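# Secondary and tertiary structure notes
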Amino acid sequence: MQVNRKTPGCFVFLLDQSASMSQPMLGAEKKTKAQALADIVNELLQSIVMRSFKSRNEPPRHYFDIGLIGYGTGARPLFSGALAGRLLASVAEVAAGKIRVDRDADGHVQPIWFDPVASGVTHMCAALDLAGKIVEGWTNSHPESGPPIIVNITDGYATDGDPVPVSRRITSGGTNHGSTLLFNIALSSSEATTVAYPSTDHALTDERAKALFQMSSPLPPLMRQYAAELGADVQDNARGFVYNADLEAMIQAIDVGTRT
Amino acid sequence: MTTVSRTAGMRFVAHTYSFPKDEDHPAEWEDGAGHYLGRGRGWFAVADGASSGFHVKEWAKRLVTGFVTQRLDSSDAVQNLIVKECERWSEVRDAPAREQLDRQWWEEAAPLRQDTAAAFVGLYVEATGPRTGKFRAFAVGDCCLMHVRGTTLLMSFPLSSPEAFAQNPALVYSRPEKMPAGVEGIQLSSGQLRPGDMLILASDRLSQCLLWHSARSDGAVWQALRAVNRPSFESLVRALRSHGSLEVDDVTLLRIAVLEE
């Protein structure tokens, strides 16, 4: 459904910042997973701001609310500066709340909201619990919006419990237009075959990967269609889950999962 | 707005109605609509700015204004209009928003990152005799022309059923490379007119809604549109939204009545 001021969208990004994220990112030359993730999510935030910037001399419209949660040992909101401590911010607040603006080699602006971190263990359950609280409040106040979308990006597995029950609690809620969507992107640590948008867990041999599959929501038709346009082989009951993602697969999955 | 064209045998009366997606922000209505009536002829257009674009209201307005003021009546002419507007668009896109030092980062990023796009339908009508006329229509995307005789929908162009509306329709983009079909992407239709006919140009979601009701209402929807005026149009949009058959979006209706002199 169309996002607008009356029915804004909501994205919550859960970013693994555990120590293992200091390992090299497959497909990204000389970048750690933490650096690649920070680059891509900062770029994504810029893209969401630009999607809401509709007319010159007018700030970005309130078409989205955005949450940014990092997790390692514990889970915490990643906004800082004027947005420090905020679990959710409107897109206009996010636009103004960058910590700095870098420039690439061509001089193009690159706003930055957070820097890479790789430390501690993987408290994914704590992050999911926090995300659940965020979207529960949001859905209560936005019943006519499309369902919120939570994108969890990790290179490991929860070290603070079983993430499946809390995921089920999250996806049992939603708005009048659908259940809250939870997508999972599991980054690869080796040259393993990527499994993208599976409809069954048959290709997954690891029990913890199967758990991530179970946690993941089915892709809505629009996202399935978009994934297919990008060349993915998607079935009707494909899940929002990518396993053993390299850099390219991660970018594509984030693109698909934030398509509204 | 109401305009009348009188000719030897037939006259056209045009009314345009619009309604924003958000009543609290009427300036954010981002469609375009316009018409020009000459002796025995008329040009009408509606464009629907894509929600994903930048400055879409201006783009929609340029397409509509170009069609009606240049009085286009062929696919080639419409294609030339699009090519020229694409060339001119960089002036709009790259115009500085304010003094360089005061610019926000998103204003600086806009020229590089922002495209604009709109669905478009243009209509040319011509009286050919005392009680006869003809039309030609040009469309890219899912704004529709509907030709109604009495309470019967004779045709809807370019889409003819509510199920045909897709999430990603064809659009007129400000970047020509996004329209690989080029001139072939402009769809063409034509037909004959009689006094009493009604032609409707409508933005995408309204077109879809009208076709949905047409299939279920045995013509009542067309009777309602013949009688609609500004207050009743606004009430109608609110009612359709409340009913759920009209998605929340900018809404534009251009109604042309074909009348005997």
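Our structure is the block above this text.
Below you will find a few notes about this structure. Fair warning: this is a prediction, and the values are worked out from it, not measured in the lab.

As a further point, take the overall build of chain A. When you go through chain A residue by residue, the secondary structure sums to seven helices and 12 strands. The C-alpha atoms of chain A give a radius of gyration of 17 Å, which matches the 18 Å a tight globule of 260 residues would have. Overall size of chain A, expressed as C-alpha extent along the three principal axes, is 55 × 45 × 35 Å. A buried classification covers 50% of the 260 residues belonging to chain A. Look at the contacts in chain A between residues 6 or more apart in sequence, and 74% of them connect residues 24 or more apart.

In a pair of packed helices, the angle between the axes and the distance between the axes together describe the arrangement. Residues and elements named next belong to chain A. It is at 9 Å that the axes of helix α4 (residues 163-172) and helix α5 (residues 207-215) come closest, and there the two elements cross at 10°. Comparing the axis directions of α4 and α5 gives the class roughly parallel. Mapping the contact onto sequence places Pro 163, Val 164 and Ser 167 in α4 and Ala 211, Gln 214 and Met 215 in α5. Its residues assigned to classes, the contact of α4 with α5 shows four nonpolar, two polar and no charged.

With that out of the way, let us pick up the pairing of strand β3 (residues 74-77) of chain A. Residues and elements named next belong to chain A. Where strand β2 (residues 64-72) lies against β3, four bridges are found, and the strand directions are antiparallel. Residue pairing for β3: Tyr 71 is matched across the bridge by Ala 75. Between the antiparallel neighbours β2 and β3 lie one residue.

The subject of this paragraph is the environment of Leu 44 of chain A. Residues and elements named next belong to chain A. For Leu 44, the location among the structural elements is in helix α1 (residues 33-52). Taking the C-beta count within 10 Å as the criterion, Leu 44 has 20 such neighbours and is therefore assigned buried. When the C-alpha positions of Leu 44 and Gly 161 are compared, they lie 30 Å apart, and in sequence the two are 117 residues distant. Contacts of Leu 44, omitting those with residues within four sequence positions, involve Ile 254 and Thr 258.

Let's shift gears to the interface of chain A and chain B. With 20 residues of chain A at the contact, the number on the chain B side is 22 residues. Broken down by secondary-structure element, the contributors of at least two residues to the side of chain A that touches chain B are α1 and β6 (109-112) of chain A. Broken down by element, the side of chain A that touches chain B gets its largest block of residues, three residues, from α1 of chain A. Class assignment for the residues of the side of chain A that touches chain B results in nine nonpolar, six polar and five charged.

Each value, and the rule that gives it
- Residues numbered from 1 in each chain as written.
- Chains lettered and ligands numbered in written order.
- Predicted model: local features only at pLDDT ≥ 70, side-chain atom pairs only at ≥ 80, totals over all residues.
- Helix = DSSP H or I, 4+ residues; strand = E, 2+ residues; numbered from the N terminus.
- Rg over C-alpha atoms; globule rule 2.2 N^0.38 Å.
- Buried ≥ 20, exposed ≤ 12 C-beta atoms within 10 Å, placed from the backbone.
- Contact = placed C-beta atoms within 7 Å.
- Axes fitted to C-alpha atoms, helices over the stretch in contact; angles between N-to-C directions.
- Parallel < 35°, antiparallel > 145°, perpendicular 65-115°, else oblique.
- Nonpolar A, V, L, I, M, F, W, Y, C, P; charged D, E, K, R; others polar.
- Pairing = 2+ DSSP bridges.

Note that all results are geometric; they support no functional claim without further evidence.
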